[in-house]
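Secondary and tertiary structure notes
As a plain string of letters, each chain reads:
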Amino acid sequence: MSHNCFICQNRQNNCVVDKLTGSYSDNEASFTTTMPGSDKETDLTERIESFLSDLKRGGSGTGPLRGSAETARETTALLRRITAQARWSSAGDLMEIIRKEGRRMTAAQPSETTVGNMIRRVLKIVREEYARSRGSSEETDQQESLHKLLTSGGLSEENFRLHFAPLKANVIEAINELLTELEGTTDNIAMQALEHIHSNEVIMTIGRSRTVEAFLKDAARKRKFHVIVAECAPFCQGHEMATSLSKAGIETTVIADAAIFAVMSRVNKVIIGTQTVLANGGLRAVNGTHTLALAAKHHSTPLIVCAPMFKLSPQFPNEEDTFHKFVSPHEVLPFTEGEILTKVNVHCPVFDYVPPELITLFISNIGGHAPSYIYRLMSELYHPEDHEL
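The sections below set out a description of the structure shown in this document. (Residues numbered from 1 in each chain as written. Predicted model: local features only at pLDDT ≥ 70, side-chain atom pairs only at ≥ 80, totals over all residues. Heavy atoms only, no water.)

Focus on the packing of aromatic side chains
For clarity, the threshold we go by: Only rings of Phe, Tyr and Trp enter the pairing, Trp through its six-membered ring, and a pair is recorded when the two centres are within 6.5 Å. The plane angle decides the type: under 30 degrees is stacked, over 60 is edge-to-face, the rest tilted. The way it works is that DSSP assigns letters per residue, a run of H or I at least four long becomes a helix, a run of E at least two long becomes a strand, and they are numbered from the N terminus. Relative accessibility decides the category of a residue: with a 1.4 Å probe and only protein chains considered, values under 20% of the type maximum give buried, values over 50% give exposed, and everything between is partly exposed.
Under the counting rule described, the total for this entry stands at two aromatic pairs. Aromatic side chains tyrosine 130 and phenylalanine 160 sit 5.0 Å apart centroid to centroid with 50 degrees between the ring planes, which places their arrangement in the tilted category. Pair noted here: tyrosine 130 is in helix 4 (residues 113–134) and phenylalanine 160 is in the loop between helix 5 (138–152) and helix 6 (167–183), with a separation of 30 residues, a long-range link. Its relative accessible area of 1% is what places tyrosine 130 among the buried residues.

Observations regarding unusual backbone geometry
With an omega of 5 degrees, the peptide bond between alanine 233 and proline 234 qualifies as cis. Of note, proline 234 is situated in the loop between strand 5 (226–230) and helix 10 (237–247). Of note, serine 300 is a non-glycine position whose phi angle comes to about 55 degrees, a positive value. With respect to the element layout, serine 300 can be found in the loop between helix 12 (289–298) and strand 10 (303–306).

Focus on the state of the cysteines
Put simply, the rule is: Disulfides are defined as pairs of cysteine sulfur atoms found within 2.5 Å of each other.
All told, the structure shown has zero disulfides when counted by the stated rule. Here cysteine 232 stays free of any disulfide, with the sulfur of cysteine 236 as its closest cysteine sulfur at 7.9 Å.

A closer look at the sheet that holds strand 10
Strand pairing in a sheet relies on backbone hydrogen bonds. The paired strands run either parallel or antiparallel. For the record, the criterion: Any two strands with at least two DSSP-identified bridges between them are counted as paired. Fitted lines through C-alpha atoms give the axes, limited to the stretch in contact for helices. The angle between two N-to-C directions lies from 0 to 180 degrees. Residue contacts are counted whenever heavy atoms from the two residues lie within 4.5 Å of one another.
The mixed open sheet is built from seven strands, whose spatial order is 6-5-4-7-10-12-13. Every other strand in the sheet has two partners, leaving strand 6 (251–255) and strand 13 (367–369) as the edge strands with one partner each. Across the sheet, the mean angle separating the axes of adjacent strands is 25 degrees when strand polarity is ignored. Pairing of strand 12 (residues 361–364) with strand 13, which is carried by three bridges, proceeds in the antiparallel orientation. Across the sheet, the residue bridging to isoleucine 363 is glycine 368, located in strand 13. Against the sheet, helix 10 engages strand 4 (202–206), strand 5 and strand 6, with an angle of about 160 degrees to strand 5. Strand contacts of helix 12: strand 4, strand 7 (269–272) and strand 10, with the helix running at about 155 degrees to strand 7, the strand carrying the most contacts.

Regarding the packing of helix 9 (residues 210–220) against helix 10
For clarity, the cut-off: Here the word oblique covers every angle except those under 35 degrees (roughly parallel), over 145 (roughly antiparallel) and from 65 to 115 (roughly perpendicular). Handedness of a crossing follows from how the near helix is turned relative to the far one, being left-handed for an anticlockwise turn of less than a right angle and right-handed for a clockwise one. As a working rule, the residues Ala, Val, Leu, Ile, Met, Phe, Trp, Tyr, Cys and Pro are called nonpolar, Asp, Glu, Lys and Arg charged, and the rest polar, with Gly in that last group.
Packing of helix 9 against helix 10 leaves a shortest axis separation of 10 Å and a crossing angle of 25 degrees. On the basis of their axis angle, the class for helix 9 and helix 10 is roughly parallel. The handedness of the crossing between helix 9 and helix 10 is right-handed. Residues Val212, Glu213, Leu216 and Lys217 of helix 9 touch helix 10, and the partners they reach there are Met241, Ser244 and Leu245. Grouping the constituent residues of the contact of helix 9 with helix 10 by class yields four nonpolar, one polar and two charged.

Re the pairing of strand 12
Strand direction decides the pairing type here: strand 10 and strand 12, joined by three bridges, are parallel. Residue pairing across strands places valine 305 opposite phenylalanine 362, the latter belonging to strand 12. The antiparallel pairing of strand 12 with strand 13 creates a hairpin that spans two residues between the two strands.

Here's what the structure looks like:
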């Protein structure tokens, strides 16, 4: 009996499955497993619960410095495990499972949009692999679906119900390719540094972005330049950034956020990171970034944003509940100031919205883009039906 098995994808014809015992054997090796038995499912459930609790804990800190790249990789690896171990027989079933778990993951930490982005990327992979198995392309599917939408008044998922034996192996392979892409995002962005940073320039940044840090360090191998870091109060992550850059031999100055406008006239370029790139080409970035962007615009200083593709989100800035995030005001007004605390309300927001008209250029792992081009990238990465999980 020929059987398609994700454990031995390359030897499908030799793989024999005994449905009763759940044992796999072939010419070269034989081993026993309880797949898809209760142990595997319990293990998968535990993995998902552990990831959810990590997300909740990670979000209670002082901002997005847990690392969006790690979150993206962990989410994708977990979705690969779900694809391999969950029980499903068609692409429709798999998409339903991913959506269900995806809703739980995004609800665990609404401000971490990277999780939702990776879920949408995997859903798009499933759609593409299903279309390929059926012998049609994604583009014709989209045209057909638009026609169906006009004629039938709504889209049904019945066309994802056909069973294709190689689908699981193909989806897992495509997810592996996505993981490989995620591994190299920061390096791909840093490689472009010499095209944008020239000798003896003065560059300003704010807070600490690992992508910007790698970008500046890569340029410093061949160019001498000066970096001014706004400290990004009240968490002052700019101090860590400045320490790291100065250790790499880059001349660095730390300034208070209030001095951004005063110093901007001396600056040649502003290079920042971001937490999310929104569907309209705007940013949800660390608090204080809007001030920096306005100052740069006033002095006609180019504003460059280093953002890997996994930070592109189909969200719009008017989605209030997930957009704003407030943390403990302890950094602004310590609890020791007991007398005044009873008389005032202290707010400590983590993110700023930066509108697209203040941004000159996005640098992603696939090249440089204007903010107006973001909508095109969005349509390449995500399927319109997956914008709402």
